[in-house]
Amino acid sequence: MSIYGFYFDGTRCTACKTCVYACKDKNDLNLGFAYRRVFEYTGGDTTRDGAGAISSDCFTYSVSVSCNHCDNAVCIEVCPTAAMHRDPQTGLICVDSSVCIGCGYCALSCPYRAPKVDRAKGHSVKCDGCNDLIKDDKAPVCILACPTRALGFGKISELQAKGEQVNIAPLPEKDYTLPNMYIKPSKDARPVGTDNAFIANPLEVL
Amino acid sequence: MEHAFAELPLATFSTLSSLGAGAFVVLALAFLSGSLGDSLAGSPEKLKKIDRLAIIPILLVGAGFIAAMFHLATPQNALNALNGIGRSPLTNEVVVGLAFMVVALVYWVVALIGKLGAGARKILVSVAAVLAIAFALFIGIAYMIPTIPTWNTLFAPISILGYCLLGGGLFGLLVLQAADALKDISTGPFKAFTISLSLIGAAAAIIGIGGQYLVASGIEAASHQVAAAWPWLIGSIAGLVLALGLAIIPLIRKPSLGIISLGCLVVLCSVFVGRLVFYALYITVGV
Ligand code: SF4
Ligand code: SF4
């Protein structure tokens, strides 16, 4: 079972993406790879009524997501090699790169698109929750880097006291994988499955 | 169709493997229905020829496995894929596929060196046929992932089972006819069984891929994929219907190697296109 999870405060995030680049830096990631991604989600309409008055319900908000180290981790279930595994000490989900064959089943099935096969490295890569730092009693770099303190990391029981399990668009219904990401949604946050809204930065996150 | 072209190795694997394995179902029918064994007792060279040619479907499955290797980032570690036995549906698929390969190869080798008695032949070829059907089902089941709503339906294994029976049937007929043995087994239940099998196979293939498409059509998030796949779906279904005709005609009229070979080619292409449609429908419940 998972011990740790992420916290995200949607009322603080400005979509500056410092978390994304701190993570890329620590993990020395090339172009095309980012273990943490910030989804910019935008929608709504601006309309003119019969009397000519213009009104708008347009909105935009951001969600910073890496791997949620899910309780019901579909990536582990489908992995044929058991390379995708839970670290027995921290409960964080990691890829054993010496075992992984890069079949991509984890990447296909994760609804958060956390794992990705790096063909140059020959295996699947994803956020490991800075497992090395956690074992040293330190915090993940993305959390330390966030200038607005919108991101957090900690024991799941503490996170549960601070927020709700993530269940907002454009992310999937939480029951599929039981993500260990707890959030304080922004005022504009929309429920899962909202139409009339879209991910505004697909090239950056998908 | 973007996602389909990203998965060409998997489309090739699922096509070649299901068709190759399915040939053993028809070979089993031929030997079990009795008349072949009896009539061939008088012409051992024909039997020998059937046995030699049985390598064709085995090679198809082998080529399928090789194609699947191209999908891996580290193919030299491919055997690690056995680690997830019983848990990972992908491992289960590989294990059943390998079991089929082992039995089929043992059958082929023992038959070629002339050590396969009639009883042992029936048993081995039947085991291979059962494993072939299981393999087809497991290929489909491996795609039933709860977070991929367009794949997570029983239509996935149903379509592959259909490809295995209809397409594999044609390759089985190819082996028999290339040894000029079809006319010897025109008597007995073989014909009726093979025709029924082809009909069931075609029905399962069309219901499978059509049903998959309907499931995807009901999912708003998949609307782009659904629209793009439409012409490919029609092409695949038309090809499957044609292949059914080409499988049945040589059985009710005079057996003809030309028609059967054409049937093999048509079924190979239409199953491959059907697989492309399947991969094209990929979406997840999330981002
Ligand atoms: S977010 Fe995806 S990769 Fe991470 S644990 Fe959940 S299912 Fe696995
Ligand atoms: S890519 Fe590696 S970690 Fe992912 S499912 Fe395949 S073997 Fe497992």
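Parameters at a glance
- Residues numbered from 1 in each chain as written.
- Chains lettered and ligands numbered in written order.
- Predicted model: local features only at pLDDT ≥ 70, side-chain atom pairs only at ≥ 80, totals over all residues.
- Helix = DSSP H or I, 4+ residues; strand = E, 2+ residues; numbered from the N terminus.
- Buried ≥ 20, exposed ≤ 12 C-beta atoms within 10 Å, placed from the backbone.
- Contact = placed C-beta atoms within 7 Å.
- Nonpolar A, V, L, I, M, F, W, Y, C, P; charged D, E, K, R; others polar.
- Pairing = 2+ DSSP bridges.
- Near = placed C-beta within 6 Å.
- Axes fitted to C-alpha atoms, helices over the stretch in contact; angles between N-to-C directions.
- Expected span 1.5 Å × (residues − 1).
- Bend = angle between axes of the 7 residues up to and from the residue.

Participant: Hey, could you run me through the overall build of chain B in this one?
Facilitator: Along its length, chain B carries 11 helices and zero strands. The order of α-helices and β-strands along chain B, N terminus first, is α-α-α-α-α-α-α-α-α-α-α. Taken along the three principal axes of its C-alpha coordinates, chain B extends 65 × 40 × 25 Å. Burial analysis of chain B (287 residues in total) assigns 55% to the buried set.

Participant: Looking at this structure, how should I read the interface of chain A and chain B?
Facilitator: Bring the parts together and some accessible area is lost; that lost area is often taken as the interface size. Residue-level contacts link 30 residues of chain A with 24 residues of chain B. Listing elements by their share of the side of chain A that touches chain B, those giving two or more residues are α2 (74-78) and α3 (105-109) of chain A. Here the side of chain A that touches chain B takes three residues from α3 of chain A, the largest share from any one element. For the side of chain A that touches chain B, the per-class residue count stands at 21 nonpolar, five polar and four charged.

Participant: So what exactly am I meant to see when it comes to the pairing of strand β1 (residues 4-9) of chain A here?
Facilitator: Remember that side chains alternate between the two faces of the sheet whenever the strand is regular. Residue and element names in this part refer to chain A. With five of its six residues buried, β1 lies for the most part within the structure. Where β1 and strand β10 (residues 151-155) come together, five bridges link them in antiparallel fashion. The residue of β10 that forms the bridge with Tyr4 is Lys155. Where β1 and strand β12 (residues 181-184) come together, four bridges link them in parallel fashion. Of the residues in β12, the one forming a bridge with Tyr7 is Tyr182.

Participant: Explain the site of ligand 1 here, please?
Facilitator: In the neighbourhood of ligand 1, 15 residues make up the surrounding shell, with Cys67, Cys70, Cys75, Cys110 and Ala114 of chain A lying closest. Across the shell around ligand 1, the residue classes tally to 11 nonpolar, three polar and one charged.

Participant: Would you explain the site of ligand 2 in this entry?
Facilitator: Residues and elements named next belong to chain A. For ligand 2, the set of nearby residues contains 18 residues, the closest of which are Cys79, Cys100, Cys103, Cys106 and Ser124. Secondary structure elements with two or more residues in the shell around ligand 2: α3 and β9 (123-125). Tallied by class, residues from the shell around ligand 2 come to 13 nonpolar, five polar and no charged.

Participant: It is not clear to me how the sheet that holds strand β13 (residues 197-199) of chain A should be interpreted in this structure. Could you clarify?
Facilitator: Two strands in a sheet stick together by hydrogen bonds in their backbones, pointing the same way (parallel) or opposite ways (antiparallel). Residue and element names in this part refer to chain A. On the basis of which strands lie adjacent, the open sheet formed by three strands has the order β5-β2-β13 and antiparallel pairing. Where the open sheet ends on each side, the last strands, each with one partner, are β5 (59-65) and β13. The average angle at which neighbouring strand axes cross in this sheet is 20°, direction not considered. With three bridges joining them, strand β2 (residues 37-43) and β13 adopt antiparallel strand pairing. Residue Gly43 lies in a different strand from β13, and its bridge partner there is Ala197.

Participant: Hey, could you run me through helix α10 (residues 223-252) of chain B in this one?
Facilitator: Residues spaced three or four apart along an α-helix face the same direction, because each turn holds 3.6 residues. Taking 1.5 Å per residue as the helical rise, α10 of chain B with its 30 residues ought to reach 44 Å, and the 43 Å between its terminal C-alpha atoms agrees with that figure. Of all the bends in α10 of chain B, the greatest, near 45°, is centred on Trp230 of chain B, and the proline Pro231 of chain B appears no more than four residues after it.

Participant: Help me understand the environment of Tyr112 of chain A, please; the structure alone is not making it clear to me.
Facilitator: Tracing the backbone shows Tyr112 of chain A in the loop between α3 and β8 (116-118). Its 27 C-beta neighbours within 10 Å are what place Tyr112 of chain A among the buried residues. Between the alpha carbons of Tyr112 of chain A and Pro170 of chain A there is a distance of 9.5 Å; along the sequence they are 58 residues apart. Ignoring anything within four residues of it in the chain, the contact list for Tyr112 of chain A reads Val65, Asn68 and Leu171 of chain A together with Gly286 and Val287 of chain B.

Participant: I tried to follow the sheet that holds β10 of chain A on my own but got confused; where do I start?
Facilitator: All names here are of chain A. What the four strands build is an open sheet, ordered β10-β1-β12-β11; its pairing is mixed. Pairing within the sheet leaves two strands with one partner each, and these edge strands are β10 and β11 (164-165). Summarising the sheet, β11 and β12 pair through two bridges and their orientation is antiparallel. Note on β12: the bridge partner recorded for Gln165 is Tyr182.

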